[in-house]
Amino acid sequence: MGIFLDIHQFPCLNDNYGYLVHEPASGQTAAIDTPDAERYLEEAQKRGWTITQVWNTHWHPDHAGGNLRLKEATGCRILGPSGEAEKIPGLDQPLKGGDVAMLGEAAASVIDVPGHTLGHIAFHFAGQSAAFVGDAVFALGCGRVFEGTMDMMWQSLKRVKALPAKTQLYCAHEYTASNARFAVTIEPENKALKEYVAWIDKQRSNGLPTVPALLERELATNPFLRADLPAMQLAMGFPGNASATFGEIRGRKDRF
Ligand code: ZN
Ligand code: FE
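Residues numbered from 1 in each chain as written. Chains lettered and ligands numbered in written order. Predicted model: local features only at pLDDT ≥ 70, side-chain atom pairs only at ≥ 80, totals over all residues. Heavy atoms only, no water.

## Observations regarding the overall build of the protein
Looking only at helices and strands, one finds nine helices and 14 strands in the protein. Against the compact-globule benchmark of 18 Å for 256 residues, the protein has a radius of gyration of 18 Å, which places it among compact chains. The buried share of the protein, reckoned over its 256 residues, is 52%. Considering only contacts in the protein between residues 6 or more positions apart, those separated by 24 or more positions represent 58%. With an accessible surface of roughly 10600 Å², the protein has 53% of that area assigned to carbon and sulfur atoms. Put simply, the protein has 24 plus and 29 minus side-chain charges, and the middle of one group is 5 Å from the middle of the other. (Helix = DSSP H or I, 4+ residues; strand = E, 2+ residues; numbered from the N terminus. Rg over C-alpha atoms; globule rule 2.2 N^0.38 Å. Buried < 20%, exposed > 50% of the residue type's maximum accessible area, 1.4 Å probe, protein only. Contact = heavy atoms within 4.5 Å. Areas by Shrake-Rupley, 256 points an atom, 1.4 Å probe, with all protein chains shown as cover. Lys, Arg positive; Asp, Glu negative; His and termini not counted. Charge placed at Lys NZ, Arg CZ, Asp CG, Glu CD.)

## Some words on the nonpolar core
Core analysis: the largest hydrophobic core is formed by 49 residues, its most contacted members being Trp 55, Phe 123, Phe 125, Phe 132, Leu 157 and Phe 246. Not counting residues within four places of it along the chain, the set of residues in contact with Trp 55 comprises Ala 30, Ala 31, Ile 32, Asp 33, Leu 79, Ala 101, Met 102, Leu 103, Ala 108, Phe 123 and Phe 125. With 16 residues, the next largest nonpolar core counts Leu 41, Val 54, Cys 76 and Ile 88 among its residues. (Core = buried A, V, L, I, M, F, W, Y, C linked by side-chain atoms within 4.5 Å.)

## Things to note about the sheet that holds strand 2 (residues 16-23)
Pairing is mixed in the open sheet, where six strands are placed in the order 1-2-3-4-5-6. At either end of the open sheet lies a strand with only one pairing partner, and these are strand 1 (6-12) and strand 6 (93-95). Strand after strand, the sheet turns through a mean of 20 degrees between neighbouring axes, direction not considered. Taken strand by strand, helix 1 (residues 37-47) contacts strand 1, strand 2 and strand 3 (28-32), and its axis lies near 140 degrees from that of strand 1. (Pairing = 2+ DSSP bridges. Axes fitted to C-alpha atoms, helices over the stretch in contact; angles between N-to-C directions.)

## So, the coordination of the zinc ion (ligand 1)
Around the zinc ion (ligand 1), the protein supplies His 58 (NE2), His 60 (ND1), His 116 (NE2) and Asp 135 (OD) as donor atoms, at distances of 2.2 to 2.3 Å. One way to put it: the four donor atoms around the zinc ion (ligand 1) meet at angles of 86 to 172 degrees, and that makes the site irregular. Each donor residue of the zinc ion (ligand 1) belongs to the same chain, and together they define the spacing H-x1-H-x55-H-x18-D. (Donors = N, O, S within 2.8 Å, 3.2 Å for Na, K, Ca; no water. Tetrahedral: all angles 85-135°; square planar, octahedral: opposite > 155°, others 65-115°.)

## Some points on the packing of helix 1 against helix 3 (residues 67-74)
Remark: helix 1 packs on helix 3, axes separated minimally by 8 Å, with the N-to-C direction vectors making an angle of 40 degrees. When the axes of helix 1 and helix 3 are compared, the pair comes out oblique. Here Ala 37, Glu 38, Tyr 40 and Leu 41 of helix 1 lie close against helix 3, whose contacting residues are Arg 69, Leu 70, Ala 73 and Thr 74. Grouping the amino acids of the contact of helix 1 with helix 3 by side-chain chemistry returns five nonpolar, one polar and two charged. (Parallel < 35°, antiparallel > 145°, perpendicular 65-115°, else oblique. Nonpolar A, V, L, I, M, F, W, Y, C, P; charged D, E, K, R; others polar.)

## A short note on the coordination of the iron ion (ligand 2)
For the iron ion (ligand 2), the protein coordination sphere consists of Asp 62 (OD), His 63 (NE2), Asp 135 (OD) and His 173 (NE2), at 2.0 to 2.3 Å. Read in sequence order, the donor residues coordinating the iron ion (ligand 2) give the pattern D-H-x71-D-x37-H. Taken as a pair, the iron ion (ligand 2) and the zinc ion (ligand 1) show a spacing of 3.2 Å, with Asp 135 coordinating each metal. Of this pair, Asp 62 sits in helix 2 (residues 61-64) while His 173 sits in the loop between strand 13 (168-171) and helix 5 (176-186); the two residues are 111 residues apart in sequence, bridging distant segments of the chain.

## A word on unusual backbone geometry
Negative phi characterises most residues that are not glycine, and trans characterises most peptide bonds. The omega torsion across Val 211 and Pro 212 is 5 degrees, close enough to zero to call that bond cis. Within the secondary structure, Pro 212 is located in the loop between helix 6 (191-205) and strand 14 (213-214). The phi torsion at Asp 33 lies on the positive side, around 60 degrees, for a residue other than glycine. The topology assignment puts Asp 33 in the loop between strand 3 and helix 1.

## Some words on the state of the cysteines
Inspection of the entire model under this criterion finds zero disulfides. Note on Cys 76: no disulfide assigned, nearest cysteine sulfur contributed by Cys 12 at a separation of 15 Å. Looking at Cys 171, it has no disulfide partner, and the nearest cysteine sulfur is the one in Cys 142, 11 Å off. (Disulfide = S-S within 2.5 Å.)

Next up, the structure:
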């Protein structure tokens, strides 16, 4: 029997998503990142949940800025990347790729996805087909490569690509509409992408989220995840070189 998880998603700050993950059997609740502590406390209270853990993906203030306030308010335990332990306020339990984080009975495996930051991690609940990917991957996009190298980021994206295709990617930002405008410049003839963009426009004009994103759909449309395709490599001018192709696409997006 699978463990049921209740995932509550809500907008935070300008374009972040907040996530509370509740495991009813144990009553435990994890805050995935802490963009805005007060919003998290409000959303938890509305549901009658108590935040027992914080799980950080990386150190950026729109992800870990609310840690200490949440800890002070709830006494929660803070789990986060060992690779940036000194930058994660209140960290209790450092995690690295291959570790397992438990929320009550539900297990999430920790995946190293450095590049945006050097210690960035993601959390994969295989039993729930859900992955919390922070700023590593977005719908039709990926995080800017601030601290790592292009090759490092590509290796990280390959780990995400290797998850089961039916995995829902819970990204930390609603950047999809602007990512879509860029993606069509890279693959103007991609039919699945055109259909996705039409759906995105409809969601956004109705004020609805485009996140989570189904990995299967991202594999067919997200240019950053497609750097290993020969046609993409040829179009970007780096035949046979996925990481250079990824770097070219990332560079074009940075200048877009
Ligand atoms: Zn970030
Ligand atoms: Fe962010």
